[in-house]
Amino acid sequence: MSNALFTKRLSKELVDLKINPPVGIEVTEADTFKSWKLTLDGVDGTLYAGERFTLEFRFSPNYPMESPEVVFTGNIPIHPHIYSNGHICLNVLYNQWSPVLSVRSVCLSIQSMLSSCTCKEPPPDNNHYVKTAKASPKQTQWSFHDDSV
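The notes below deal with the structure included here. (Residues numbered from 1 in each chain as written. Predicted model: local features only at pLDDT ≥ 70, side-chain atom pairs only at ≥ 80, totals over all residues. Heavy atoms only, no water.)

## Focus: the overall build of the chain
And then number 1: Secondary structure assignment for the chain yields three helices and four strands.
And then number 2: A compact globule built from 149 residues would reach a C-alpha radius of gyration of about 15 Å, and the chain, at 15 Å, matches this within 12%.
And then number 3: In terms of overall dimensions, the chain has a C-alpha envelope of 45 × 35 × 25 Å along the principal axes.
And then number 4: The burial tally for the chain puts 43% of its 149 residues in the buried class.
And then number 5: Counting only contacts in the chain whose residues sit at least 6 apart along the sequence, the fraction spanning at least 24 positions is 58%. (Helix = DSSP H or I, 4+ residues; strand = E, 2+ residues; numbered from the N terminus. Rg over C-alpha atoms; globule rule 2.2 N^0.38 Å. Buried < 20%, exposed > 50% of the residue type's maximum accessible area, 1.4 Å probe, protein only. Contact = heavy atoms within 4.5 Å.)

Below, the structure is given as structure tokens:
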């Protein structure tokens, strides 16, 4: 994808997120098309109600043909699919990515994943993963086997 199309797509997404943000999601930093930060609020009536988290999106020039790298920074939610280093085990970020997806849809997927959680606990392999993981979660060979949380 050419750099002009990459820029046009992200410009459109940014304008849409600023004019019509989803409930509980706000762009806090988007000075470049390399990296954006957004806050995501826990939904009322869920385990994460009243909590605020920060997501960092890193884009390659191949976006949207290639998924962005998405990680939690700062206050990282305790969740069975979120590692304490901020890496997120969510299929739409990896093998189920499609160019029709967007920053908005990824944020809503993560918000939905948090909302459906019934028990705040880290992934069972958290300690091992964090010790051995590469800096980018996109370098991980993820195994998607649990859609219940």
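## What to know about the packing of aromatic side chains
And then number 1: Per the counting criterion, the structure on display carries eight aromatic pairs.
And then number 2: Judged by centre distance (5.0 Å) and plane angle (70°), the ring pair of Trp36 and Phe59 falls under edge-to-face. Taken together, the residues Trp36 in strand E2 (residues 35-41) and Phe59 in the loop between strand E3 (52-58) and strand E4 (69-73) connect sequence positions 23 residues apart. With respect to burial, Trp36 and Phe59 carry one shared label: buried.
And then number 3: Members of the aromatic cluster, each reached through a chain of ring pairs, are Trp36, Phe57, Phe59, Tyr63 and Trp97. (Phe/Tyr/Trp six-rings, centres within 6.5 Å; stacked < 30°, edge-to-face > 60°.)

## Some words on the environment of Val92
And then number 1: Residue position: Val92 is located in the loop between E4 and helix H2 (103-115).
And then number 2: Note on Val92: relative accessible area 17%, which makes it buried.
And then number 3: Taking the C-alpha atoms as reference points, Val92 and Val71, 21 residues apart in sequence, are found 13 Å from one another.
And then number 4: Setting aside residues no more than four positions away along its own chain, Val92 makes contact with Trp97, Leu101 and Ser109.

The quantities given are spatial measurements derived from coordinates; they are silent on function.
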